[in-house]
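Overview (structure and organization)
So the chains spell out like this:
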Amino acid sequence: MATNNDNKKAIYSIFWIWLVITIVGVLISIKAPAWLMPTSASSTMHLVIETIVVFSVAAAPVAALVYAVALYALVKWRWRGEGVPPDGPNLRNNSTLTAVWIVSSTMLTIFLLIWGLAALAVDEGGGNGKNPMTVDVTGQQWAWSFTYPGTHVASNELYLPVNDKITFNVTSKDVVHGFWIVQMGVKVNANPGVSTSVSVTPDKIGTYDIRCTEICGLYHAYMVTRVHVLSDAAFSKWLSSQPSRA
Amino acid sequence: MSRVRAMVIALVSIVSGGIVMALMGFGLASAAPHQTPQYAKDLGMTTVTVGGKSVSMKHVALTIGTYPDSMFGVHGAGGGPHPDWVSYSSSNLVVPAHSLVTMTINQYDSGGPLNNPFFANVFGTVGGTATIDGKVVTKVDPSAVGHTFTLRGIPQNTTPLFVSVPLPENFATDTPLTIGEGQYSKPVVVTFSFMTGSKGVYNWNCEFPCGGSRIGQFGEAMSTYGYMSGTLTVK
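It is worth spelling out the overall build of chain B at this point. The secondary structure content of chain B amounts to one helix and 15 strands. The C-alpha atoms of chain B give 22 Å as radius of gyration, which overshoots the globular expectation for 235 residues (18 Å, by more than 25%). Taken along the three principal axes of its C-alpha coordinates, chain B extends 80 × 45 × 30 Å. A buried classification covers 47% of the 235 residues belonging to chain B. Restricting to contacts in chain B with at least 6 residues of sequence separation, those with at least 24 account for 68%. As displayed, chain B offers around 11300 Å² of accessible surface, 62% of which is attributable to carbon and sulfur atoms. Charged side chains in chain B number 12 positive and 11 negative. The centres of these two groups are separated by 20 Å.

The next thing to look at is the sheet that holds strand β14 (residues 200-205) of chain B. Residues and elements named next belong to chain B. Spatially, six strands are ordered β1-β5-β15-β14-β9-β10 in an open sheet, and the strand pairing comes out mixed. Only two strands of the sheet have a single neighbouring strand rather than two, namely β1 (38-39) and β10 (163-168). One ladder, built from three bridges, connects strand β9 (residues 145-152) with β14; its direction is antiparallel. Directly across from Leu-151, in β14, lies its bridge partner Trp-204.

The next subject is a nonpolar patch on the surface. Residue and element names in this part refer to chain A. Taken together, Val-62, Leu-65, Val-69 and Trp-101 make up a surface patch of nonpolar side chains, about 330 Å² in accessible area. In terms of residue count, the dominant contributor to the nonpolar patch is helix α2 (residues 43-76) (three residues). Tracing the backbone shows Val-62 in helix α2. Judged by its relative accessible area of 37%, Val-62 is partly exposed.

Let us look at unusual backbone geometry. Of note, the bond from A:Gln141 into A:Trp142 is cis; its omega dihedral lies within 30 degrees of zero at 0 degrees. Within the fold, A:Trp142 resides in the loop between β1 (133-140) and β2 (143-147). With a phi close to 65 degrees, A:Asn163 is a non-glycine residue in the positive phi region. Tracing the chain through its elements places A:Asn163 in the loop between β4 (158-161) and β5 (166-172). For B:Glu220, which is not glycine, the phi torsion reads 40 degrees and is therefore positive. Locating B:Glu220 in the fold gives a position in the loop between β14 and β15 (229-234). Taking relative accessible area as the criterion, B:Glu220 reaches 33% and is therefore assigned partly exposed.

In this section: the packing of aromatic side chains. Residues and elements named next belong to chain B. Counting across every chain of the model gives 25 aromatic pairs over all chains. Residues Phe-118 and Phe-123 carry aromatic rings whose centres are separated by 4.6 Å and whose planes lie at 25 degrees to one another, so their mutual orientation is stacked. Judged by its relative accessible area of 5%, Phe-123 is buried. Ring centres of Phe-123 and Phe-162 lie 5.9 Å apart, and the angle between their planes is 65 degrees; this geometry places the pair in the edge-to-face category. Of this pair, Phe-123 sits in the loop between β6 (99-107) and β7 (130-132) while Phe-162 is found in the loop between β9 and β10, placing the two residues 39 residues apart along the sequence.

Time to look at the pattern of salt bridges. All names here are of chain A. Per the counting criterion, the structure on display carries one salt bridge over all chains. In this structure, Arg-226 engages Glu-157 in a salt bridge whose closest nitrogen and oxygen atoms are separated by 3.4 Å. Taken together, the residues Arg-226 in strand β10 (residues 224-230) and Glu-157 in the loop between β3 (154-155) and β4 connect sequence positions 69 residues apart. Judged by its relative accessible area of 25%, Arg-226 falls in the partly exposed class.

This next bit is on the sheet that holds strand β8 (residues 196-200) of chain A. Residues and elements named next belong to chain A. Read across the open sheet, the five strands follow the order β3-β2-β1-β5-β8; overall the sheet is mixed. The sheet is open, and its two borders are formed by β3 and β8, each paired with just one other strand. Sheet topology note: the β1/β2 ladder contains five bridges and is antiparallel. When the sheet's bridge partners are listed, Gly-139 is paired in β2 with Trp-144.

Rules used throughout
Residues numbered from 1 in each chain as written. Chains lettered and ligands numbered in written order. Predicted model: local features only at pLDDT ≥ 70, side-chain atom pairs only at ≥ 80, totals over all residues. Heavy atoms only, no water. Helix = DSSP H or I, 4+ residues; strand = E, 2+ residues; numbered from the N terminus. Rg over C-alpha atoms; globule rule 2.2 N^0.38 Å. Buried < 20%, exposed > 50% of the residue type's maximum accessible area, 1.4 Å probe, protein only. Contact = heavy atoms within 4.5 Å. Areas by Shrake-Rupley, 256 points an atom, 1.4 Å probe, with all protein chains shown as cover. Lys, Arg positive; Asp, Glu negative; His and termini not counted. Charge placed at Lys NZ, Arg CZ, Asp CG, Glu CD. Pairing = 2+ DSSP bridges. Patch = residues over 30% accessible without salt bridge, like charges linked within 9 Å, V, L, I, M, F, W, Y side chains within 5 Å. Salt bridge = Lys/Arg side-chain N within 4 Å of Asp/Glu carboxyl O. Phe/Tyr/Trp six-rings, centres within 6.5 Å; stacked < 30°, edge-to-face > 60°.

None of this, on its own, says anything about what the molecule does.
Here you go:
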């Protein structure tokens, strides 16, 4: 039978283990996205990374408590005798602990809900005040094609001007595909017969990746292309150098 | 059960599981079709203009065909398991790196409208053009396309290569020719050239919905290795 002293000792030990794991967890939550996530090339992607950091930091103490109790129980409370261990003591209701657990879980969940809803409500990139540029995106097994409304230009790689708000109208000609601009945090399904719109403002000149995120058949893994984010002048030059594909 | 015995059983279980998974992987890999490679024919050296500079490079040629069935080509006697499926004559093409590849595709099949007119355009070829029955074009009528040869995808760690050429519909008005075990009309001859980069394995496929079955006519021959798709190995 455990005494009050034994219980206090266990609680202190679990607290210190929890504290160490929490600190490690918080540090990993803050530092890991910078190592693991791709370069951010839009405000949407900044927000995605920020959300991952905040959610991971919020989850760290909760996960640490589970790990701390499990670790302590595995080491200290394991049965070392022969045969089946006897039943432990009956558990008493602890209303203070229950109240703390319910209130803290509720607050944490509400915080994550509010953060998530606020992040979703953010207009995807304000752009520079100009009307959004539109690009029609078509997926089909197993290639992407892009047309630029108002022009006769079509391309298999996407070209965009930096700091302009872009609206993509995404559709598919066969099965469901997933249009994902990796470094811009844009991912939307391309559904046959339906045009789905999504907007983003690329804020960094460079070349980034586009992948299909829905398993779509034989060469799904090869349904990749690139997006080139150019300065306004370079984009205009590219657009005017393209042959008519009308 | 002693601790040692329990650990031995756990170890044996893990190793056995690993062996089963490895055997399944090797089995699936060996089950994938590996058609006899078709090597490009060497045409010697040629000079091409790249970025305003004249560059000397190897010139090779490949000739393949598109058929309304699988009675000619690599599918075996009687057309193999799916003699009525449309097919390319070869799906395992091999060309040298950093070379000019001139492809000739004899198009024997009928056609119809493309579901995405984007693929009626010629992309990625030298000059952005293809020659169809002797006529130089940059695009074809999207309502009368038989197939496309669309080379895309990325080999590991190299620059993507995208070449897409539409193969017009064959209206089959002449007397049929007998080739192998099949009978076909005089082909539409499509010729184009493109330059290869560094070594790697690329995939190509047809973008005309010619596969039959299921959604968008992209099933059967379009979703099975060795019919309307294949690899281009640059080595």
